[in-house]
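Structure assessment
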Amino acid sequence: MLLLCGLMLLTLAIAVLNTLVPLWLAHGNLPTWQVGMVGSSYFAGNLLGTLITGWLIKRHGFNRSYYLASLIFAAGCVGLGLMTGFWSWMMWRFIAGIGCAMIWVVVESALMCSGTSRNRGRLLAAYMMVYYVGTVLGQLMISKMPTDLASVLPWVTALILTAILPLLFTRIVNDRSENQEATPVWPMLRLRHARLGVNGCIISGIVLGSLYGLMPLYLNHKGVSDAGIGFWMAVMVSAGIVGQWPVGRLADRFGRLLVLRVQVFIVILGCLAMLTNAAMGPTLFVLGAAGFTLYPVAMAWACERVEHHQLVAMNQALLLSYTVGSLLGPTFTSMLMQSYSDSLLFVMIAGVAFVYLLMLLRKAGPHSTPIAHA
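Overview of the structure. These numbers come from a predicted model, not from an experiment.

Re the overall build of the chain
Scanning the chain from terminus to terminus reveals 13 helices and 0 strands. Of the regular secondary structure in the chain, the N- to C-terminal order runs α-α-α-α-α-α-α-α-α-α-α-α-α. Burial status across the chain gives 54% buried among its 374 residues. Counting only carbon and sulfur atoms, one obtains 67% of the accessible surface of the chain, whose full area is about 16,300 Å².

This is the structure:
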């Protein structure tokens, strides 16, 4: 609970900055390509942070790694106010990206190491619910408070530093891995028996990256107002929040593989409904409930396939896979939308979901029945 309380405060800060940094750059009359490059530098930082955090956890433990990650994120935030300009902001967003990825790896790894096959689905569901609730609250804070740089940076930095406090009252221990050698990340990506989980995280990154980044553009081209776009995006993210806990319980009860098959099938149906101009409210709700719950179920499935001392490395591999998917998905989908039609957004999502469904329907080998595990 203390760990998730800290994550909530950090997620508020992440959501606010991810929305306002592009706007601040636009207000500074920077060309679009430079705004995009600053955004890409943040994701590049995510990649580096994902790769180095396993070594930090092994060397310094969960608590110290969490403190360090929060301080790095705070430094990336403060730097935006100290130095202006394209190159300096690229550097500070890169640093912030490192800190954010480190936070995610620490929190997810701590939850995975603390849980069992019987309750990991619910633990990850709680994690995703906190993350999405923080994201929605961050957007609401933006709409209710001044958004200029000088007003935002002080309280956002204070949020980040306050997020360190909950973990000062507890120590996260992973006894079974303290005497193990650190496990490298790359072999985790090549494990045949965990491949469906890794592929699921890539697909989840493609789906969520495309929905987050391109759904507002799709709605804008449909003539929806800015307020309307905010409403429909909130409906979709809220559906993801509502779906986390029941999907996590179902995965714990009936197994990850069955639940993944149903989720991916529902994503395909949701895309087909959008392409046929079905009622937008129910369609976006269903699409959000299925699409936004893919990542934790795929992660839990992959983590069931490895030894306890490999969980941190596997978690890094899964977050790395998700990040790669979230980078590639919007890039290729936006090119298709520009060249052909906005409808290619849902064609692309349905296509990659269908490919993943074919993988899931193939014989996956023996997989654990969660109820049988303590």
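Overview of unusual backbone geometry
Located in the positive-phi region is asparagine 277, a residue other than glycine, with phi close to 60°. As for its position among the elements, asparagine 277 is in the loop between helix H9 (256–275) and helix H10 (280–291).

Notes on the packing of aromatic side chains
Each pair of aromatic rings is reported with the distance of its centres and the angle of its planes. In this structure the tally under the stated criterion is 8 aromatic pairs. Positioned above the aromatic ring of phenylalanine 254, the side-chain terminus of arginine 253 is 5.2 Å from the ring centre.

A few points about the nonpolar core
In terms of nonpolar packing, the biggest core is built from 123 residues, with Phe73, Trp104, Val156, Met215 and Met314 touching the most fellow members. It is helix H3 (residues 86–114) that provides the largest number of residues to this core, a total of 18 residues. Residues lining this core come from more than one domain, with at least three contributed by each of domain 1 (1–169) and domain 2 (183–363). Beyond its immediate sequence surroundings of up to four residues, methionine 215 is in contact with Ser210, Met233, Met236, Leu284, Leu345 and Phe346.

Section: the packing of H9 against H10
The geometry of H9 relative to H10 is characterised by a closest axis approach of 8 Å and an angle of 150° between their N-to-C directions. The angle between H9 and H10 places the two elements in the roughly antiparallel class. For the pair H9 and H10, the sense of crossing is left-handed. Contact residues: H9 offers Gln263, Ile266, Val267, Gly270, Cys271, Ala273 and Met274, while H10 offers Thr283, Leu284, Val286, Leu287, Ala290 and Gly291. Here the contact of H9 with H10 is composed, by residue class, of 9 nonpolar, 4 polar and no charged.

A look at a nonpolar patch on the surface
Together, Phe265, Leu269, Leu272, Leu275 and Val347 line one region of the surface with nonpolar side chains, adding up to about 410 Å² of accessible area. At 4 residues, the largest contribution of residues to the nonpolar patch is made by H9.

Quick look at the environment of methionine 141
Relative to the helices and strands, methionine 141 resides in helix H4 (residues 120–144). For methionine 141, a relative accessible area of 23% puts it in the partly exposed group. Along the backbone, methionine 141 and valine 16 are 125 residues apart, and their C-alpha atoms lie at a distance of 7.8 Å. The residues contacting methionine 141, other than those within four sequence positions of it, are Leu12 and Trp155.

Quick word on the side chain of serine 70
Tracing the sequence through the fold places serine 70 in helix H2 (residues 32–82). Residue serine 70 is classed as buried on the basis of its relative accessible area of 0%. If we skip the residues at most four places from it in the chain, serine 70 touches Leu10, Ile103, Ile160 and Ile164.

Reading the values: the criteria
Residues numbered from 1 in each chain as written. Predicted model: local features only at pLDDT ≥ 70, side-chain atom pairs only at ≥ 80, totals over all residues. Heavy atoms only, no water. Helix = DSSP H or I, 4+ residues; strand = E, 2+ residues; numbered from the N terminus. Buried < 20%, exposed > 50% of the residue type's maximum accessible area, 1.4 Å probe, protein only. Areas by Shrake-Rupley, 256 points an atom, 1.4 Å probe, with all protein chains shown as cover. Phe/Tyr/Trp six-rings, centres within 6.5 Å; stacked < 30°, edge-to-face > 60°. Lys NZ or Arg CZ within 6 Å of the ring centre and 35° of its normal. Core = buried A, V, L, I, M, F, W, Y, C linked by side-chain atoms within 4.5 Å. Domains from an automatic or database assignment. Contact = heavy atoms within 4.5 Å. Axes fitted to C-alpha atoms, helices over the stretch in contact; angles between N-to-C directions. Parallel < 35°, antiparallel > 145°, perpendicular 65-115°, else oblique. Left-handed = near helix turned anticlockwise from the far one by under 90°. Nonpolar A, V, L, I, M, F, W, Y, C, P; charged D, E, K, R; others polar. Patch = residues over 30% accessible without salt bridge, like charges linked within 9 Å, V, L, I, M, F, W, Y side chains within 5 Å. Salt bridge = Lys/Arg side-chain N within 4 Å of Asp/Glu carboxyl O.

The values are spatial; any link to function lies outside them.
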